[in-house]
Amino acid sequence: MKTKSGNQSLSSESRELEGSKDLLTGNPPTSQSKKTVKQRFLKLLPCCHTDSAPSVNQSNVDEDFQVSTVCYRPEGLEKLQDMTRFSRKELQILYRSFKNECPNGIVDEETFKFIYSQFFLQGDSSTYAHFLFEAFDRQKNGVVSFEDFVIALSTILRGTAIDRLTWAFNLYDLNKDGCVTKEEMTDIIRSIYDMMGKYTYPCMEDSAPQEHVENFFQKMDQNNDGIVTMEEFLESCQKDENIMESMQLFDHIL
């Protein structure tokens, strides 16, 4: 028999799954799903914790950028300002937090998976974390650098609707051939369900992932050829008010 606290925890995980589903299918995001998605994202970014935000000594951060003692030397603040939509102060805070978490200046996939797993204890987040790591790893060299991190973060948090949708499409396009197949979307959806665990409350039906995929293709596959192109994806999303509202979930996080 489940305890009350256990039910509350499982219910929370279920609501977070609903937040992820909003972005994929265009189902209207509820106020609760908006809140839980933002809370989850904030947890994944230590620099956003208002109760534990690191103090920033500008001279120390500048020195770190100019003469880094870590294994990987990041680009200068000015260049990163040009490459992102973050201010100098925001980059300083992000860098200090990133360096605290990753002292050598980079994070490999196994470390990324481990960090991600700490926030999804009810399920197996390894597959979704792999997909996400691939999306962050711009150089395809098996590591995510600070530049990789802030450029992706800038797109997700500060990009236009088209920027964010393009980033999402590239996440779903697992083999990077310019289109999303049902097999790729099935892998993405199953990884999300796996991440949230089999004991969500209320319980999810075994058929739910496939139904989710069919729903996605009904919305996006305009010519019914079994694949979704970037053009189809962008056009369909921009016509769907619910999806466009979901794209605003991360506004004003930083």
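Residues numbered from 1 in each chain as written. Predicted model: local features only at pLDDT ≥ 70, side-chain atom pairs only at ≥ 80, totals over all residues. Heavy atoms only, no water.

For the coordinates displayed, the defined rule picks out 14 aromatic pairs. Connected via pairs of aromatic rings, a cluster forms that spans Phe112, Tyr116, Phe120, Tyr128, Phe133, Phe136 and Trp167. The residue whose ring lies beneath Lys182 is Phe217, and the NZ or CZ to ring-centre distance is 5.7 Å. (Phe/Tyr/Trp six-rings, centres within 6.5 Å; stacked < 30°, edge-to-face > 60°. Lys NZ or Arg CZ within 6 Å of the ring centre and 35° of its normal.)

Moving on, we get to the UniProt feature "domain: EF-hand" (unreviewed entry) in the chain. UniProt feature "domain: EF-hand" (unreviewed entry): in the numbering of this structure it lies at residues 124-159, 160-195 and 208-243. Taken end to end, residues 208-243 has its terminal C-alpha atoms 20 Å apart, with 72% of it in helix and 8% in strand. (UniProt positions renumbered as here; feature names shortened; annotations may be inferred. Helix = DSSP H or I, 4+ residues; strand = E, 2+ residues; numbered from the N terminus.)

For Lys140, which is not glycine, the phi dihedral falls at a positive 55°. Structurally, the position occupied by Lys140 is in the loop between helix H7 (126-136) and strand E2 (143-145). The phi dihedral of Lys176 is positive, around 55°, even though this residue is not glycine. Within the element layout of this structure, Lys176 appears in the loop between helix H9 (161-172) and strand E3 (179-181). Residue classification places Lys176 among the partly exposed residues on the basis of a relative accessible area of 42%. (Buried < 20%, exposed > 50% of the residue type's maximum accessible area, 1.4 Å probe, protein only.)

Between two packed helices, what matters for the description is the angle formed by their axes and the separation of those axes. Viewed as axis vectors pointing N to C, helix H6 (residues 109-117) and H7 meet at an angle of 125°, and their least axial separation amounts to 9 Å. Here H7 runs oblique to H6, going by the angle between their axes. Two packed elements cross with a definite hand, and for H6 against H7 that hand is right-handed. Contact residues: H6 offers Glu109, Phe112, Lys113 and Tyr116, while H7 offers Ser126, Tyr128, Ala129, His130, Leu132, Phe133 and Glu134. Considering only residue class, the contact of H6 with H7 consists of 6 nonpolar, 2 polar and 3 charged. (Axes fitted to C-alpha atoms, helices over the stretch in contact; angles between N-to-C directions. Parallel < 35°, antiparallel > 145°, perpendicular 65-115°, else oblique. Left-handed = near helix turned anticlockwise from the far one by under 90°. Contact = heavy atoms within 4.5 Å. Nonpolar A, V, L, I, M, F, W, Y, C, P; charged D, E, K, R; others polar.)

Here the focus is the nonpolar core. Ranked by internal contacts, the top residues of the largest apolar core, which has 52 residues, are Phe149, Met185 and Phe233. Built from parts of two domains, this core gets at least three residues from each of domain 1 (77-158) and domain 2 (161-253). (Core = buried A, V, L, I, M, F, W, Y, C linked by side-chain atoms within 4.5 Å. Domains from an automatic or database assignment.)

Let's shift gears to the pattern of salt bridges. Within the structure shown, the criterion is met by 9 salt bridges. In this structure, the salt-bridge partner of Lys113 is Glu110, at a minimum N-O distance of 4.0 Å. Remark: Glu110 and Lys113 occur in helix H6; sequence separation between them is 3 residues, near one turn of the helix. One salt-bridge network, in which partners are shared between bridges, spans Glu109, Glu110 and Lys113. (Salt bridge = Lys/Arg side-chain N within 4 Å of Asp/Glu carboxyl O.)

By the secondary structure assignment, Ser154 is in helix H8 (residues 146-158). The buried category is assigned to Ser154, whose relative accessible area is 3%. Separated by 2.9 Å, the side chain of Ser154 and the backbone nitrogen of Arg85 make a polar contact. (Polar contact = N/O pair within 3.5 Å; in protein donor to acceptor, adjacent residues only side chain to side chain.)

We now examine the packing of H8 against H9. In contact at an axis separation of 8 Å, H8 and H9 are set at 125° when each is read in the N-to-C sense. Here H9 runs oblique to H8, going by the angle between their axes. The handedness of the crossing between H8 and H9 comes out as left-handed. Contacts between H8 and H9 involve Ala152, Thr155, Ile156, Leu157 and Arg158 on the former and, on the latter, Asp163, Arg164 and Trp167. Looking at the contact of H8 with H9 residue by residue, the classes come out as 4 nonpolar, 1 polar and 3 charged.

Our focus in this paragraph is H9. Since there are 3.6 residues in each turn of an α-helix, residues three or four apart along the chain are aligned in direction. For H9, spanning 12 residues, the distance from its first C-alpha to its last is 17 Å, which sits close to the expected 16 Å at 1.5 Å a residue. Those residues of H9 that sit buried are Arg164, Leu165, Trp167, Ala168, Phe169, Leu171 and Tyr172. (Expected span 1.5 Å × (residues − 1).)

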